[in-house]
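# Understanding the architecture of this molecule
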Amino acid sequence: MRSHPQYWSLCQRTTDISCCPSWTLGNYVAILTNKFSCQKITEHHMSHTFKILRSCAKYYHNGTLGPDCWDMTTRRKDQSKCTNISRRCTKYNTVYQIFHFLVDKELMSPKIPVLKHGMLFSSTEKGKTMMNIYIDNFENWNCSDGVTTITGIEFGIKHNLFQDYLLTDTVYPAIAIVIVLVVMCVYTRSVFITLMTIIAIISSLIVSYFLYHVWNYTKFDKPNAELSETVSITLQHAALSMFVTSFTTAAAFYANYVSNITAIRCFGVYAGTAILVNYILMVTWLPAVVVLHERYLPNIFTCSKPPPQQSGFCTHTLWANLCQKLSKCLFTVLEASRVFFEKVLPCIVIKLRYLWLFWFLAFTVGGA
């Protein structure tokens, strides 16, 4: 990290010559053994430091070894405090800072002393300025050299990094949304209803187009019915089932309120409320939009133009052939999808039910 080009401008220093050393176990061992750098320490120095830590551990654990045992002004042990503690335990507050900040309690275990977790403090300030150092040095690194593994880093860039990843990954849901909107536009044959549905999604996060499908079914079943009757029949079929699904989903999110994590509790309340608001919009606002479309905008903002015989389009032979081919392709795709979902897929599922059962059972056993 210190080799990064921006480290020099970000590190804290008392002079213009060099950056302040990091708070690492190696540097503290160098201090205890009177070495200038951690690169000069050997196994003998580590053994000597470990003996010091073993002899001073009891003072730290009983609370007598504290941060005020060393007078930084006079650079000697405070004679009015920690009188029963040897000088090597209080020198520069090194032993206290090692125990309190850098190592875990397993180091002084009475059985087999092992250092499982350690901590170091860099001489840089946390914040957005550390973003480039993290991206260049740690983002694509596996955080391990075979002996030591980095389990966590706190550069103060969590929110900035989240926003950066979020913007990067936005392209995938954007592609999915475009595909969904194109399919919706093709099936409904109306840009207007598609746009209104987008507004409903933005307003309540979850939009169900189930109401419109029931509307079409009602119109097909009763083609001569008035608009008010069509809306009434549609809501009779859809409102209750939509309420059940919305209520159960909202209840599942509201159940997160019992969590001890504040963020999860807030998310549960927010998501549950959004689903209930979405239900209200689906049974009030969207039916009104559909009525408005059917009454005033039947042939405006359509995704596909009417046939040439009705609208006068494609009068030229080339355009006529192109329109006919596109219409045939669209009809073929729609018919193929209808046959697949209504006949082929149910046949495959029902006739091969035992195969699916054993197949997924094998996956379950293998995954366990």
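One structure accompanies this document, and this report is about it. (Residues numbered from 1 in each chain as written. Predicted model: local features only at pLDDT ≥ 70, side-chain atom pairs only at ≥ 80, totals over all residues. Heavy atoms only, no water.)

Counting secondary structure elements, the protein chain contains 15 helices and 2 strands. Across the 368 residues of the protein chain, 28% fall into the buried class. Partitioning the intrachain contacts of the protein chain with sequence separation of at least 6 by distance along the chain shows that 55% fall at a separation of at least 24. Roughly 25,800 Å² of accessible area belongs to the protein chain as shown, and the carbon and sulfur atoms make up 64% of that amount. (Helix = DSSP H or I, 4+ residues; strand = E, 2+ residues; numbered from the N terminus. Buried < 20%, exposed > 50% of the residue type's maximum accessible area, 1.4 Å probe, protein only. Contact = heavy atoms within 4.5 Å. Areas by Shrake-Rupley, 256 points an atom, 1.4 Å probe, with all protein chains shown as cover.)

The next thing to look at is the nonpolar core. By size, the foremost hydrophobic cluster in this structure holds 21 residues, and its most contacted members are Leu53, Leu65, Ile85, Val95, Ile98 and Phe99. Mapped by element, the contributors of at least two residues to this core are α2 (25-32), α3 (43-61) and α5 (94-102). When residues in this core are grouped by element, the largest group, 6 residues, is from α3. Among all residues touching Ile98, those that are not within four sequence positions of it are Leu25, Tyr28, Leu32, Leu53 and Val103. Counting 11 residues, the second largest nonpolar core, distinct from the first, contains Met130, Ile133, Phe138 and Phe155. (Core = buried A, V, L, I, M, F, W, Y, C linked by side-chain atoms within 4.5 Å.)

For the coordinates displayed, the defined rule picks out 3 disulfides. Paired through a disulfide, Cys11 and Cys19 show a sulfur-sulfur distance of 1.8 Å. Residues Cys11 and Cys19 share a disulfide whose torsion about the S-S bond is about -65°; that sign makes it left-handed. Of the two residues, Cys11 and Cys19, both sit in the buried class. One disulfide bridge connects Cys56 with Cys89, the sulfur atoms lying 1.8 Å from each other. An S-S torsion of about -80° defines the bridge between Cys56 and Cys89 as left-handed. Residue Cys56 is found in helix α3, and its partner Cys89 is found in helix α4 (residues 87-90); the two are separated by 33 residues along the sequence. Assigned by exposure class, Cys56 and Cys89 land together as buried. As a non-bridged cysteine, Cys20 has Cys11 as the owner of its nearest cysteine sulfur, 7.2 Å distant. Relative accessible area serves as the criterion here: at 22%, Cys20 is assigned to the partly exposed category. (Disulfide = S-S within 2.5 Å.)

This part covers the side chain of Ser246. Looking at the secondary structure, you find Ser246 in helix α11 (residues 227-254). Contacts of Ser246, omitting those with residues within four sequence positions, involve Ile275, Leu276 and Tyr279.

Below, the discussion takes up unusual backbone geometry. In this structure, Asn34 takes a positive phi of about 60° despite not being glycine. Phi is positive for Tyr92, close to 60°, though the residue is something other than glycine. With relative accessibility at 30%, the residue Tyr92 sits in the partly exposed group.

At a minimum axis separation of 5 Å, helix α7 (residues 158-169) and helix α8 (residues 171-188) run at an interaxial angle of 35°. Contacts between α7 and α8 involve Leu167, Thr168 and Asp169 on the former and, on the latter, Val171, Tyr172 and Pro173. Its residues assigned to classes, the contact of α7 with α8 shows 4 nonpolar, 1 polar and 1 charged. (Axes fitted to C-alpha atoms, helices over the stretch in contact; angles between N-to-C directions. Nonpolar A, V, L, I, M, F, W, Y, C, P; charged D, E, K, R; others polar.)

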